[in-house]
Amino acid sequence: MIDKVAREYIFHYGVKGWNMDEFAKEAGITKRTLYNYVGSKEQLIENTLLDYIREIQNKLGKEFENVPDFETGIEKVLDIYPQMIMKMDSRVVQEILKNYPSIEETVVKERQSFTQDILKFVERGQEEGRVDESYDSTTILQVLQSLIIYYIKNQPEHIESKVKKSISIVMYGIIRRKK
């Protein structure tokens, strides 16, 4: 119940629109029990964000296992990743990163699983001859991540369409054209 309420509060209200007393009451527990579960509001926010990221990473990883070709994989990325970002209001993410900078460091470390899935996907495209081998898969991933972070921090309006378009440009831009 705590995890469900945490996601609802954070994703809908941000980090400043509630306090731990209200949260404990909504979760149906005492404040003392809540603090036994998490040490602080920051820890609750971090745990909730990381659980959500892991859930999306697992979903995307499973999708990559079942794609028949590179282009279908790109379409899966274009469907899943912007949806993930939109479940959380981009202004909420911006607020979290501004108020709790240590969470950004933790999220960057945690994305390793997602990073590996994307790297394997790009390398698979290279093995299939769909992506030019001269493109470095790590650099491609860093470009995608940089674009997403840029939009979250600087241009949160219409972020889903911006992220989708940016991912599309990068991913379709690395495809080797059939001659």
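Structure: see above.
Quick caveat, the model's predicted, so the values are computed rather than measured.

*Asks:* What am I meant to see in the packing of aromatic side chains here?
*Replies:* The relation between two aromatic rings is expressed through the spacing of the ring centres and the mutual angle of the planes. For the structure shown, the criterion picks out seven aromatic pairs. Their ring planes at 80° and their centres at 5.3 Å tell us that Tyr 9 and Tyr 13 sit as a pair that is edge-to-face. In this pair, Tyr 9 and Tyr 13 are both assigned in helix 1 (residues 2-13), four residues apart and thus about one turn of the helix distant. Judged by relative accessible area, Tyr 9 falls into the buried class, the value being 8%. For Tyr 13, a relative accessible area of 47% corresponds to the partly exposed category. Note on Phe 70 and Phe 121: the rings are 4.5 Å apart at their centroids and 10° apart in plane angle, and the pair reads as stacked. Taken together, the residues Phe 70 in helix 5 (residues 70-87) and Phe 121 in helix 8 (residues 112-127) connect sequence positions 51 residues apart.

*Asks:* I would appreciate a short explanation of the packing of helix 4 (residues 41-65) against helix 7 (residues 101-110) in the present structure.
*Replies:* Packed helices, taken two at a time, are described by the angle between their axes plus the distance between the axes. The N-to-C vectors of helix 4 and helix 7 enclose an angle of 25°; their axes lie 10 Å apart at closest approach. Here helix 4 is positioned roughly parallel relative to helix 7, judged by the angle of their axes. With respect to the hand of their crossing, helix 4 and helix 7 are arranged in right-handed fashion. Facing Glu 42, Ile 45, Glu 46, Leu 49, Leu 50, Ile 53, Arg 54 and Gln 57 of helix 4, the residues of helix 7 in contact are Ser 102, Ile 103, Thr 106, Val 107 and Glu 110. Considering only residue class, the contact of helix 4 with helix 7 consists of six nonpolar, three polar and four charged.

*Asks:* Can you help me understand the nonpolar core in this one?
*Replies:* Most often, soluble globular proteins have nonpolar side chains that are buried together. The biggest cluster of nonpolar side chains holds 52 residues, and the ones touching the most others in it are Phe 23, Ile 167 and Met 171. Breaking this core down by element, the ones donating at least two residues are helix 1, helix 2 (20-27), helix 4, helix 5, helix 6 (90-99), helix 8, helix 9 (137-154) and helix 10 (159-173). It is helix 4 that provides the largest number of residues to this core, a total of eight residues. In contact with Ile 167, other than residues within four places in its own chain, are Val 77, Leu 78, Tyr 81, Leu 144 and Ile 148.

Cut-offs and rules
Residues numbered from 1 in each chain as written. Predicted model: local features only at pLDDT ≥ 70, side-chain atom pairs only at ≥ 80, totals over all residues. Heavy atoms only, no water. Phe/Tyr/Trp six-rings, centres within 6.5 Å; stacked < 30°, edge-to-face > 60°. Helix = DSSP H or I, 4+ residues; strand = E, 2+ residues; numbered from the N terminus. Buried < 20%, exposed > 50% of the residue type's maximum accessible area, 1.4 Å probe, protein only. Axes fitted to C-alpha atoms, helices over the stretch in contact; angles between N-to-C directions. Parallel < 35°, antiparallel > 145°, perpendicular 65-115°, else oblique. Left-handed = near helix turned anticlockwise from the far one by under 90°. Contact = heavy atoms within 4.5 Å. Nonpolar A, V, L, I, M, F, W, Y, C, P; charged D, E, K, R; others polar. Core = buried A, V, L, I, M, F, W, Y, C linked by side-chain atoms within 4.5 Å.

This is a description of form; function is not addressed.
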